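# Coordinate analysis (summary)
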Amino acid sequence: MTPGFSPSPSSSSRLATGVVVGVAIGGGVVVLVLVLTLICFLCKKRRRRDDKTPPAPIGKGRPTMEWSSRMKIAVGSAKGLSYLHENCNPKIIHRDIKAANILIDIKFEAKVADFGLAKIALDTNTHVSTHVMGTFGYLAPEYAASGKLTEKSDVYSFGVVLLELITGRRPVDANNVYADDSLVDWARPLLVQALEESNFEGLADIKLNNEYDKEEMARMVACAAACVRHTARRRPRMDQVVRVLEGNISPSDLNQGITPGHSNVYSS
Ligand SMILES: Nc1ncnc2c1ncn2[C@@H]1O[C@H](COP(=O)(O)OP(=O)(O)OP(=O)(O)O)[C@@H](O)[C@H]1O
Ligand SMILES: [Mg+2]
């Protein structure tokens, strides 16, 4: 202490008060910073949770696509393809109809997409391609073998898509479950049998648990069978497929003079 100087009691109590106030303000600031940090952390966490994209309606780990959705996709994509074949002038042959090129929205509205390989059919003569394009498992036999291209090769590919919707199987299986055959080869005898006996158990996707409209299944099976006919000219036009799928004409109309009830109807 400096000799001759002693702080008055009032100035020392002011100092103490100042220190207390200072400590209180400092403590308050620290608490405020901590609270703000906590609020920011909680907000960020919540935002991250809100930002999460909603789970995809279909795909791995998701429930099986129900029958009504499959039917909707079949009708929607058949209409799209019918538009290209029957309403466009000159008509358009898509050349790469397959499941991956049919886009669906959250309500299962289907859109035929990916026109990278599409060809405009300028004349009615059969076009012969120099290079066969498309995707294995979906290629019509006459197009794969000789490059002969008509809209009926799209119809064949569409038949394969229908088979995928019916069976839940892939057109070509890497695990060789079809013993070197394709989905079409595997399904052909089953299609005939299913239509003759009106029994779709061996054909329908097992994951559907028999939960499907039998009439609709019969219509889709009849369309698939007619679309994958080996002989191109015996395949139906897409507008016929649309009408059968929608139940506006009878599946027997797809047989165009082929004896009904004959087992070759669906395999020729
Ligand atoms: N606009 C789109 N919106 C959502 N998915 C899409 C879109 N375009 C393509 N896809 C999906 O992305 C994937 C890849 O499409 P992409 O067209 O590249 O290949 P692909 O159709 O499998 O084969 P390809 O090369 O013969 O067209 C497919 O599963 C397809 O369904
Ligand atoms: Mg594609």
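Residues numbered from 1 in each chain as written. Chains lettered and ligands numbered in written order. Predicted model: local features only at pLDDT ≥ 70, side-chain atom pairs only at ≥ 80, totals over all residues.

The chain is annotated in an unreviewed UniProt entry as non-specific serine/threonine protein kinase of Arabidopsis arenosa. Recorded in UniProt for the chain, the comment headed Subcellular location (unreviewed entry) runs: "Cell membrane". (UniProt positions renumbered as here; feature names shortened; annotations may be inferred.)

## Structural notes on the overall build of the chain
The number of helices and strands found in the chain is seven helices and six strands. Along its sequence from the N terminus, the chain presents helices and strands in the succession α-α-β-β-β-β-β-α-β-α-α-α-α. Sequence separation of at least 24 residues holds for 63% of the intrachain contacts in the chain that already meet a minimum separation of 6. (Helix = DSSP H or I, 4+ residues; strand = E, 2+ residues; numbered from the N terminus. Contact = placed C-beta atoms within 7 Å.)

## Some words on the site of ligand 1
All residues adjacent to ligand 1 are Asp96, Ala100, Asn101, Leu103, Ala113, Asp114 and Thr135. Tallied by class, the residues present in the shell around ligand 1 amount to three nonpolar, two polar and two charged. (Near = placed C-beta within 6 Å. Nonpolar A, V, L, I, M, F, W, Y, C, P; charged D, E, K, R; others polar.)

## Examining helix H6 (residues 214-227)
Taking 1.5 Å of rise per residue, the 14 residues of H6 would be expected to cover 20 Å, and the 20 Å separating its terminal C-alpha atoms lies within 8% of that figure. When we look at burial in H6, the residues that qualify are Met217, Arg219, Met220, Val221, Ala222, Cys223, Ala224, Ala225, Ala226 and Cys227. Looking at the buried side of H6, the elements it contacts are helix H2 (67-87), helix H4 (151-167), helix H5 (183-197) and helix H7 (238-245). (Expected span 1.5 Å × (residues − 1). Buried ≥ 20, exposed ≤ 12 C-beta atoms within 10 Å, placed from the backbone.)

## Some details on the nonpolar core
Ranked by internal contacts, the top residues of the largest apolar core, which has 51 residues, are Leu162, Ile166, Met220, Val221, Cys223, Ala224 and Cys227. For this core, the secondary-structure elements that each account for two or more residues are H2, strand S3 (110-112), H4, H5, H6 and H7. Each residue touching Ile166, except ones within four places of it in the same chain, is listed here: Leu203, Ala204, Asp205, Met220, Val221 and Ala224. (Core = buried A, V, L, I, M, F, W, Y, C linked by C-beta atoms within 7 Å.)

## Concerning the environment of Thr167
You can see Thr167 is positioned in helix H4. Thr167 sits 38 residues away from Asp205 along the chain, and the two C-alpha atoms are 4.1 Å apart. Residues within four places of Thr167 in sequence aside, it is in contact with Ala187, Leu203 and Asp205.

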